[in-house]
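Report on the structure
Chain residues, written in single-letter form:
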Amino acid sequence: MKCDYFAAILSPGAPLPKVTAPAEDNAASRGWNMKRQPLFFCIVFGLFGCGREGQLEDRTSASAKAQALGSLRVVPSALRLQPNAKQTFTVDSNTEYHTWTVVDSTGTPDYSGGGGTVDYMGTYTAPPYPGTFYLRVGLANTPNVSSTVPIVVAASAPPSISVNPAILQMRRGNYQQLSASIWGAASENAVYDAAFKAPACSNVSKGCIAGSSLLSGRANLGPEPNQPNTINGSCADGASGDYHSRESVDAVTVSTTDGDAFAPGKTVSVEVAVWASSRADRLELYYAADASAPDWTLITTLTPDAPGAQTLSATYTLPSGGPKQAVRANFRYEGGSADPCTAGPYDDRDDVVFAVPSVTWRMAGDNPVGVLAFASGNATYYLAPYAQTLDYAEAQFAGSSAYVTIQVLWW
Ligand SMILES: [Ca+2]
Ligand SMILES: [Ca+2]
């Protein structure tokens, strides 16, 4: 069987081939996590007798397998997830293929999908309803060795972190980008924050909604509650004209486009409900990487289609920055040029502050052989040229962790 994969294994950058399970195990919800190194060693050293080199033989020998029996450690070892959330599990074992199976409380495989599903890389997807479910990981060629992880699915579960990739095979002296996602966050309705003097979302969320009850109108027109709704009261609204006859920003929603929580590097959509007076009006969107010391960067300029109510939107990439970031919508009457605080008598600007949780990275394991750079948000991992063993990188968020297992390719 293994010889069928030699070409793919030896091809640099080739996707990991999926192994077809034996007939008795060939169920849709059962996956195989294939290790390349032992097979490659067999290719190379098979010419001289597979496993003749002691260090290589250890990876598939009975002694190594026995050692693995006591170290088949699943990370995380228990979990609470929201319905439909995902989590990638890893195993502290490098001896042979792993199999991932959703099982019931008696250990019987559950291929119905009712207890969630798992792919061959160990990424579990929770069902859309609450309950307690179980995920079993085993060694493919050693049926009696397995560990089972309980998973509680509950609407009240906190957001959880996962990493991409969960298992990384790389050559010594190379670099690899690692990223983390936070699953299970909900959208949040902003409330007026007296410290920022603007609407704010304070929790881990995938969207922050500052609705019309907070922002409709401009200055005393409407009136706009808590006007001007700019951070630290930094820019007053124009006070001329009539409500919903002349310009106003009426609502602002900021959200990630992929449904994960806010995090540096995520694509974020900004949707702004405005009342336009003319097609010559202009809406400028700005972002600030640190809401506590805003330095406004222009995202784009948008133009209304016609007078009246409408929603204008744009996207930008969330930068690394403070624990609270912000956007500003500055809507201005025709003429002039883009500025975070235009002086027109009909101009409105409203800010929204939202929390961007901090993901930190560190090397894990007893004897790290790699180096992490830019250890917030996404990270770059460098595998030392002398590395010979497994390595682990850990992403941490709000007390939860996810691990990247790095396997050293020996060619
Ligand atoms: Ca305002
Ligand atoms: Ca407004």
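Higher on the page you've got the structure.
Fair warning: this is a prediction, and the values are worked out from it, not measured in the lab. Every chain is numbered independently, its residues counted from 1 as its sequence is written. Numbering of ligands from 1 and lettering of chains from A proceed in the order in which they are written. Predicted model: local features are reported for residues with pLDDT of at least 70 only, side-chain atom pairs are reported and counted for 80 or more only, and whole-chain, interface and lining totals are derived from all residues.

**Looking at the overall build of the protein chain**
Under the scheme used here, helices are H or I runs from DSSP no shorter than 4 residues and strands are E runs no shorter than 2 residues, and both carry numbers assigned from the N terminus. Along its length, the protein chain carries five helices and 29 strands. In this scheme the burial state of a residue depends on its C-beta neighbours within 10 Å: 20 or more other such atoms mean buried, 12 or fewer mean exposed, and anything in between means partly exposed; the C-beta positions come from the backbone. When each of the 411 residues of the protein chain is scored for burial, the buried share is 39%.

**A few points about the sheet that holds strand S14 (residues 186–189)**
Any two strands with at least two DSSP bridges between them are considered paired. In spatial order, the strands read S14-S17-S18-S19-S22; together these five strands make up an open sheet with mixed pairing. The strands lining the two open edges of the sheet, one partner per strand, are S14 and strand S22 (308–317). With direction set aside, neighbouring strand axes in the sheet form an average angle of 15°. In terms of strand pairing, strand S17 (residues 205–210) meets strand S18 (residues 248–256) through four bridges, oriented antiparallel. In the strand pairing of S18, Cys208 is matched with Val254. With axes taken as lines fitted to C-alpha atoms, and helix axes fitted only over the stretch in contact, angles between N-to-C directions fall between 0 and 180 degrees.

**What to know about the pairing of strand S28 (residues 391–397)**
Burial along S28 is one-sided: the residues Asp391, Ala393, Ala395 and Phe397 are buried and none of Tyr392, Glu394 and Gln396 is. Sheet topology note: the strand S25 (residues 360–364)/S28 ladder contains five bridges and is antiparallel. In the strand pairing of S28, Arg362 is matched with Glu394. Here S28 runs beside strand S29 (residues 400–409); their pairing, made up of seven bridges, is antiparallel. Note that in S29 the partner of Ala393 across the bridge is Val404.

**So, the sheet that holds strand S8 (residues 123–125)**
A sheet is described by the order of its strands in space; here three strands give the open sequence S4-S8-S7, paired in antiparallel fashion. Each edge of the sheet is formed by a strand with only one pairing partner; in this case those strands are strand S4 (86–88) and strand S7 (117–118). Relative to S8, S4 runs antiparallel, the two being bridged by three bridges. Directly across from Thr88, in S8, lies its bridge partner Thr123.

**Re unusual backbone geometry**
Pro223 follows Gly222 through a cis peptide bond whose omega is -10°. Along the polypeptide, Pro223 turns up in the loop between helix H5 (212–215) and S18. That bond from Gln227 to Pro228 is cis: its omega, 15°, falls within 30 degrees of zero. Position of Pro228 among the secondary structure elements: in the loop between H5 and S18.

**Considerations on the environment of Tyr333**
Inspection of the secondary structure puts Tyr333 in the loop between strand S23 (324–332) and strand S24 (348–355). Along the chain, Tyr333 and Ala343 lie ten residues apart, while their C-alpha atoms are 9.8 Å from each other. We call two residues in contact when the distance between their C-beta atoms, placed using the backbone, is within 7 Å. Setting aside residues no more than four positions away along its own chain, Tyr333 makes contact with Glu247, Ser277, Asp281, Gly344, Tyr346 and Asp347.

**Points about the nonpolar core**
For this analysis, nonpolar core means a set of buried Ala, Val, Leu, Ile, Met, Phe, Trp, Tyr and Cys residues linked through C-beta atoms within 7 Å. Within the largest apolar cluster, 81 residues are counted, with the highest numbers of intra-cluster contacts made by Ala210, Val252, Val272, Val274, Val327, Val352 and Phe354. The dominant element in this core, judged by the number of residues it contributes, is strand S19 (residues 267–276), at seven residues. Note that domain bounds follow an automatic or database assignment of domains. When we break this core down by domain, the ones giving at least three residues each are domain 1 (2–183 + 360–409) and domain 2 (190–355). Excluding anything up to four places from it in sequence, Val327 contacts Val252, Val254, Val270, Leu285, Tyr286, Tyr287 and Val352.

**Describing the environment of Asp350**
With respect to the helices, strands and loops of the structure, Asp350 is situated in strand S24. Taking the number of C-beta atoms within 10 Å as the measure of exposure, Asp350 has 28 and is therefore buried. Put simply, Asp350 and Ser248 are 102 residues apart on the chain and 9.4 Å apart in space, counted from C-alpha to C-alpha. With sequence-adjacent residues up to four places away left out, Asp350 is seen in contact with Leu215, Asn229, Val249, Val252 and Ala329.

**Details of the environment of Thr117**
Here Thr117 shows up in strand S7. The buried category is assigned to Thr117, around which 20 C-beta atoms lie within 10 Å. Between the C-alpha atom of Thr117 and that of Lys86, which follows or precedes it by 31 residues, the distance is 9.6 Å.

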